[in-house]
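So you can see what is in the structure, the chains are spelled out below.
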Amino acid sequence: MTNIPLVPEATKPLPKITDQSGLLTWVASVDHKLLGILYILTSGFFMLVGGIEALLMRIQLGSANNTFLSPAVYNQLFTMHGTTMVFLVVMPLLIGFGVYLVPLMIGATDMAFPRLNAMSYWLFLLGGLLLYYSFVSGGAPDVGWFSYAPLSEKPYATGLGVDYWALGLLVTGIGSLAGGINFVVTIMTMRAPGMKLTQMPMFVWTTFINGFLLILALPPLNAALVMLLADRQLTAHFFRPQGGGDSVLWQHYFWAFGHPEVYIMVLPAFGMLSEVIPVFSRKPLFGYSFVAGSTVAILLLSLLVYGHHMLTTDLGPVWNFFFGAASILIAVPTGIKIFNWCATMIGGKIRFTTSMKFATAFLLLFTIGGITGVSFAVVPIDWQSNNSYYVVAHMHYVLFGGTYFAVMAGTYYWFPKMTGRMLSEKLGVWHFWLTFIGFNMTFFIQHVLGVAGMPRRVYTYPKFAGWELMNLISTIGAFILAFSVLVLIINVIISLVRGKEAGDNPWDAWTLEWATTSPPPVYNFDQVPPIRGRRPLWDLKHPEDPDWKRREPDRQRSTEE
Amino acid sequence: MSEARMQPAQVSTQPEQAGLSARDREAMDSKSPEVPRLLMDRTKLMMLCFLGSEVVFFGLLIIAYIYYQVKGIQGPNAKEILNVPRTFVFSLFLFASSGTIFIAERFLARKNHRMFITWMWITVLFGAIFIAGQVWEYTELLSDNITMTRNLFGTTFFTVTGFHGLHVTAGLIVLSIFTVLGMLGDFRRGHSSALTAASWYWHFVDVVWVVIFSLIYLIPFFSQS
Amino acid sequence: MESGSVFDPNSPLAKPISDVFTIVLLLGLGVFLLIAGLVTFAIIRYRRRPGDDTEPIQSAGNFRLEVAWTAGPLLLGIGLMVLTFTTMGASDPAKPTGQEVDLEVIGHQWWWEYRYLKDNVVTANELHIPVGQRLYVRFKSSDVIHGWWVPQLGRQMQINPDHVNYTWLQSDKAGLFYGACTQYCGGPHAWMLLQVIAQPQDQYDQWLQQQKQAGQSVATEAPGDPAKGQQVFLNNTCVNCHAIAGTTANAQVGPNLTHFGARKTFGAGVSTNTPENLTKWIKNPQAVKPGVLMPGYQFNDEDMRNLVAYLESLK
Ligand code: HEA
Ligand code: HEA
Ligand code: CUA
Ligand SMILES: [Cu+2]
């Protein structure tokens, strides 16, 4: 093996993987940078697993009446795909970026509780392994990622799959909860001297809010899981109609977690975008306080709208309307963000690096996903699209077109910081376009499938339904996507070995993480530059025109003078 | 180049070890508006966040209990089977332990190490008595065939009180460790945010029991038929 | 024949949803075009020109703009709320207490049971309704949660084992409308399809009349002796699960077979109802619909022929 400079030590490159003590460094470390990278690599691995599950499903759906997979296998696959992507890919990926970047961005040496941080990571890994152990133990869970009772109860799900599912999620859940607490405490107490809350990079803001969301949203999941486990293992009756229990209670508890969860999966991505777009547009983030404030608004609103996943449960017209209206309101703070990002680009001198390409695509794709989201919130529309492929299209537009594209933007942006080497822009062009085309090909057509009546979670469909061609297109798209992921992997490997040296600040960016070496030393900073505004490195470079000399930056005249 | 002043970064290898790092103290003392003032130290803040999530967790378990009570329970219910006076007596010990840990903290603040240790042990003892009461109650219920499986009262009752009991037990373990550490010479400085955090946790567990006890024991006990 | 689309409504209950869906998608298109326009404008106009290494004007915000793009979406949102409110009423009108139930739909793992409560008729999977009449429907489940959806006729309804839900069902035109179970209910949830056959009143009445009688043997092209087939049916465990009016078979575990021969499909859409398909089904239902809760039977050829002839003759 060649020396891969992955370990964020000042000068020394990463000890070889084969080197015993090197391995031990990774396992025993409490350094936030190591843990961040571990988070990212592990969730990347699970992304491959979840992606392969998706590919198998797409093969099965490629033609009508297909027998490539039996329903038993297919049902396990979509359950594991959804669970993996949500709990083992997106959440830990975003937490991982947070763990790596937040201390650097606020000029701290580490998280507030490094050991707790390590525990969170290992709980995440343990939970993931528990979940996947179910495959070996006689069958993975096959009840969907939201495990509606009573299908998830013993009489209907007899194997141990659901038990592993619940245990695995409990374990990762506790890890994420600890992670959330760690973020909140770190950001409140570890900022470099001089950095006010209103001067934190936007990624720190969104991670901060995300911390609160984790603290508030995971307990409902934990409570629901504990109750489900009691039902399954101790024959309790919480969600079992046979014993007087109420299956709809599960829906309430799960979605009281499940909806905030979707914002847990997107807020840090918003933060990444708010770092990437300004730097490549060469302008500060437009409307900083509005972007931050709208994040807080999303936090509050997200706790009130979970019922929009239950609009066909028939909670009654009053509740239906309440949840619908609250969901529509969420479009407002989200819209504020989108408009501010557009305004950041306008008037700039935009450098369309791969990172910026992904960020720009995000704006378009996430808007599409958001609009279909708002369409559900118009309650009767949900009555005509609930549990159809229209929902599948929505969630991939926000999760893939949104979060994944933002994470890719972030990956091209911070990879140089994490490894000391640049990702290849040439391969990046291929990666971007393959992802963009593959993604839209896979998922746009699913909107049409949904309104044409195709329900989700079907292992096959009859020929007469007329869904075959559209499904085939979607399947081909998925393979293009898979190919794009391969390009990314190749890019990462090649760049690690012989990528261009990055230097401290290859993008000429302005936040503190760029004020140290790439990769940063164990203790992060030799010196923290003075912080008098939101862009310390800009101020350092432009002493004639520092941010803090311009009063009230949010009230500046617009660029169209 | 700019001649902007560079500040040395804080290099603390084990930031979580002491309750307050040097930088924390600096920040707390600072009068300068440039340096953010800390509301409190990390350990306490962490405990606050944790308790926030615990409120939601217990809240939801309790809501499940209320929900099924309102919906109507088939079979034995709180009023017929719970021994309220006895549990009340045991509850008094838990309530009292909130007071005793407060006293312990006051002695700690006054650097009366001996009394601090004594009152910590009293706290642990009271907590243990409460748990013993719960064990007694559980054995009796189980021998009357009141179980998780029996009906929804059993299901919700054991879940709510069981998780509370687990929390008390966890608290007991932590408090015992702290007390032993104290006997070995820790906590001489007269202030420990870890201990404060633990006492907050203990008060929280106590408050949860006030809610549970009122809801599950008192209300049925005093309600007509 | 294609499964119907949400945008091809055939019911005064589905029409308002189709309309509001169209409006919302058009508004959404407007929003998307606005954003896409801004982005395209930025891409074209504010792309860094080669060789230009200067920094642009560092503008960081504009209060009026912020107000504008807070107020705009807010107004749009309030408009959407009004639409929501009105369409909810139109597509799922209020349900008066004491309204008499016309039809009960019971979801089973993985088939549909229909009970015409006023006429004492029970059938499965293929639902007949009279054109133009608004039926009041009650939904129940015998096991897990299912979901009712016929896109051309109106809203979905979740079917819970422990909550009874109600809604209306109406079709404007005669025709065949496909639907499906939308709530994942385990195993072959994919094969929990359904058909609604809307018929003009006279044809419907005729159908109902026939359903009220016990299954009569009507000659079919299926080879075999229906009378002997009936004995095969009654002498086997079929009777533990199925009911056929006029015989001793009255179990309710599986679909009611009283008028099985009159159905065009069976197995909730998995097969067309032909003697060959039925033979395959009885031999090995698992091969036709993996996961199904019916065992297979190894009858000799003659018994099988007779049994199939019997079932197909039940019109
Ligand atoms: C990253 C994750 C993510 C995000 C951000 C969102 C965002 C939103 N989601 Fe989505 N959602 C999911 C992930 C996500 N969702 C998932 C995974 C499911 C499926 C779960 C399952 O069943 O398995 C789901 C399902 C789902 C449903 C249930 C559908 C059903 O099962 O029947 C609903 C219903 O209301 C909904 C609504 C919304 C709304 C209103 C938003 C809003 O936040 C969107 C706001 C954004 C915009 C609107 C775009 C930008 C705004 C402007 C440009 C301003 C102007 C615009 C207008 C005024 C319209 N979502
Ligand atoms: C962030 C979340 C996320 C992501 C990224 C994805 C990614 C993908 N998903 Fe999705 N999906 C969900 C979250 C996500 N999904 C959720 C929550 C559900 C609901 C589950 C439920 O109903 O319970 C769902 C459900 C879902 C369905 C509906 C299943 C059903 O209802 O029956 C489908 C069907 O097409 C699908 C497809 C895909 C595809 C093709 C991708 C692709 O984008 C994947 C692309 C990635 C790869 C293809 C990996 C690359 C692999 C290689 C390069 C292989 C080579 C490598 C080695 C051999 C080492 N997903
Ligand atoms: Cu019944 Cu799906
Ligand atoms: Cu939601």
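Here we take up the overall build of chain C. Secondary structure assignment for chain C yields eight helices and 12 strands. In terms of C-alpha radius of gyration, chain C reaches 27 Å, well past the compact-globule figure of 20 Å for 315 residues. By its C-alpha atoms, chain C is 95 × 50 × 35 Å across when sized along the principal axes. Expressed as a percentage of its 315 residues, the buried residues of chain C come to 53%. Partitioning the intrachain contacts of chain C with sequence separation of at least 6 by distance along the chain shows that 64% fall at a separation of at least 24. Carbon and sulfur atoms make up 57% of the accessible area of chain C, which totals about 13400 Å².

Bringing the coordination of the iron atom of ligand 2 into the picture now. Residues and elements named next belong to chain A. Taken together, His81 (NE2) and His396 (NE2) make up the protein donors of the iron atom of ligand 2, found 2.0 Å from the metal. Considering all six donor atoms around the iron atom of ligand 2, angles at the metal cover 86 to 180° and the coordination shape is octahedral. In this pair, histidine 81 is assigned in helix 3 (residues 71-105) and histidine 396 in helix 13 (residues 389-419), connecting sequence segments 315 residues apart. We classify histidine 81 as buried; its relative accessible area is 12%.

Now for the interface of chain A and chain C. Each partner contributes to the interface: chain A provides 104 residues, whereas chain C provides 87 residues. In this assembly, chain A packs against chain C so that about 7900 Å² is buried in total across both faces, 68% of it on carbon and sulfur atoms. When the area that chain A buries against chain C is broken down by residue, the three leading residues are Phe339(A), Trp383(A) and Gln384(A), summing to 11%. The salt bridge partner of Arg282(A) is Glu55(C), with a shortest N-O separation of 2.9 Å.

Within the protein, just one atom coordinates the iron atom of ligand 1: His394(A) (NE2), at a distance of 2.2 Å. A gap of 4.4 Å separates the iron atom of ligand 1 and the copper ion (ligand 4).

With that settled, consider the nonpolar core. The biggest cluster of nonpolar side chains holds 312 residues, and the ones touching the most others in it are Phe97(A), Trp250(A), Phe405(A), Trp148(C), Ile282(C) and Leu311(C). When sequence neighbours within four positions are dropped, the list of residues in contact with Trp250(A) reads Phe146(A), Ser147(A), Tyr148(A), Ala149(A), Trp165(A), Ala224(A), Leu225(A), Leu228(A) and Phe239(A).

All names here are of chain C. Read from one edge to the other, the open sheet built from five strands follows the order 3-2-1-5-8, with strand pairing classed as mixed. Only two strands of the sheet have a single neighbouring strand rather than two, namely strand 3 (121-124) and strand 8 (165-169). Pairs of neighbouring strands in the sheet enclose a mean axial angle of 25°, with direction left out of account. Pairing of strand 5 (residues 135-141) with strand 8 involves five bridges; the strand directions are antiparallel. Residue phenylalanine 139 lies in a different strand from strand 8, and its bridge partner there is asparagine 165. Contacts between helix 3 (residues 201-212) and the sheet are confined to strand 2 (111-116) and strand 3, with strand 3 contributing the most and set at about 100° to the helix.

Next up on the list: the sheet that holds strand 6 (residues 146-149) of chain C. All names here are of chain C. The strand order across the open sheet built from five strands is 4-10-9-6-7, with neighbouring strands paired in mixed fashion. In this open sheet, the two edge strands, each paired with only one partner strand, are strand 4 (126-130) and strand 7 (157-159). Neighbour-to-neighbour, the strand axes of the sheet open up by a mean angle of 25°, direction not taken into account. Here strand 6 pairs with strand 9 (residues 175-181) via two bridges, running antiparallel. Bridge pairing in strand 9 places tryptophan 148 opposite cysteine 181. The strands touched by helix 3 within the sheet are strand 4 and strand 10 (193-199), with strand 4 carrying the most contacts at an inclination of about 130°.

With that settled, the discussion passes to helix 6 (residues 152-183) of chain B. With 32 residues, helix 6 of chain B should cover 46 Å at 1.5 Å per step; its first-to-last C-alpha distance of 46 Å lies within 8% of that length. Of the residues one or two after helix 6 of chain B, Gly185(B) is the one with positive phi, at around 115°.

The relative placement of two aromatic rings is captured by the distance of their centres and the angle of their planes. Residues and elements named next belong to chain A. The full count for this structure, using the stated rule, is 97 aromatic pairs over all chains. Each ring, one from phenylalanine 280 and one from tryptophan 507, has its centre 5.2 Å from the other, and the planes form 75°; the classification is edge-to-face. Taken together, the positions of phenylalanine 280 in helix 8 (residues 267-281) and tryptophan 507 in the loop between helix 15 (468-498) and strand 1 (527-528) put the pair 227 residues apart, joining distant regions of the chain. Comparing phenylalanine 280 with tryptophan 507 shows no difference in burial state: the two are buried. Ring plane angle 90° and centroid distance 5.8 Å describe the contact between tryptophan 319 and phenylalanine 322, whose orientation is recorded as edge-to-face. Of the two residues, tryptophan 319 and phenylalanine 322 both sit in helix 10 (residues 317-345), three residues apart, roughly one turn of that helix. Following the ring pairs from residue to residue traces out a cluster consisting of Phe358, Tyr397, Phe400, Tyr404, Phe405, Tyr412, Phe432, Trp433, Phe436, Phe439, Phe443 and Phe444.

Before going further, it helps to examine the site of ligand 2. Residue and element names in this part refer to chain A. Surveying the vicinity of ligand 2 reveals 32 residues, the closest of which are Arg58, Tyr74, His81, His396 and Arg457. Measuring from a nitrogen atom of ligand 2, one finds a side-chain N or O atom of histidine 81 at 2.8 Å. Elements with a minimum of two residues in the shell around ligand 2: helix 2 (32-61), helix 3, helix 13, helix 14 (425-451) and helix 15. Among the residues forming the shell around ligand 2, the class breakdown is 23 nonpolar, six polar and three charged.

As a further point, take the packing of helix 11 (residues 354-377) of chain A against helix 1 (residues 15-45) of chain C. It is at 10 Å that the axes of helix 11 of chain A and helix 1 of chain C come closest, and there the two elements cross at 165°. If you check the angle between helix 11 of chain A and helix 1 of chain C, you find them roughly antiparallel. The crossing of helix 11 of chain A and helix 1 of chain C is right-handed. For the pair formed by helix 11 of chain A and helix 1 of chain C, the contact residues are Thr360(A), Leu363(A), Leu364(A), Thr367(A), Ile368(A), Ile371(A) and Ser375(A) on the first element and Val24(C), Gly28(C), Val31(C), Phe32(C), Ile35(C), Ala36(C), Val39(C) and Ile43(C) on the second. Considered class by class, the residues forming the contact of helix 11 of chain A with helix 1 of chain C number 11 nonpolar, four polar and no charged.

Next up on the list: the pairing of strand 9 of chain C. Residue and element names in this part refer to chain C. Counted residue by residue, strand 9 has five buried out of seven residues, so it is predominantly covered. In this structure, strand 9 lies alongside strand 10, joined through six bridges in antiparallel fashion. The partner of alanine 180 across the bridge, within strand 10, is leucine 193.

Scoring rules and cut-offs
Residues numbered from 1 in each chain as written. Chains lettered and ligands numbered in written order. Predicted model: local features only at pLDDT ≥ 70, side-chain atom pairs only at ≥ 80, totals over all residues. Heavy atoms only, no water. Helix = DSSP H or I, 4+ residues; strand = E, 2+ residues; numbered from the N terminus. Rg over C-alpha atoms; globule rule 2.2 N^0.38 Å. Buried < 20%, exposed > 50% of the residue type's maximum accessible area, 1.4 Å probe, protein only. Contact = heavy atoms within 4.5 Å. Areas by Shrake-Rupley, 256 points an atom, 1.4 Å probe, with all protein chains shown as cover. Donors = N, O, S within 2.8 Å, 3.2 Å for Na, K, Ca; no water. Tetrahedral: all angles 85-135°; square planar, octahedral: opposite > 155°, others 65-115°. Buried area = accessible area lost by both parts, 1.4 Å probe. Salt bridge = Lys/Arg side-chain N within 4 Å of Asp/Glu carboxyl O. Core = buried A, V, L, I, M, F, W, Y, C linked by side-chain atoms within 4.5 Å. Pairing = 2+ DSSP bridges. Axes fitted to C-alpha atoms, helices over the stretch in contact; angles between N-to-C directions. Expected span 1.5 Å × (residues − 1). Phe/Tyr/Trp six-rings, centres within 6.5 Å; stacked < 30°, edge-to-face > 60°. Near = heavy atom within 4 Å. Polar contact = N/O pair within 3.5 Å; in protein donor to acceptor, adjacent residues only side chain to side chain. Nonpolar A, V, L, I, M, F, W, Y, C, P; charged D, E, K, R; others polar. Parallel < 35°, antiparallel > 145°, perpendicular 65-115°, else oblique. Left-handed = near helix turned anticlockwise from the far one by under 90°.

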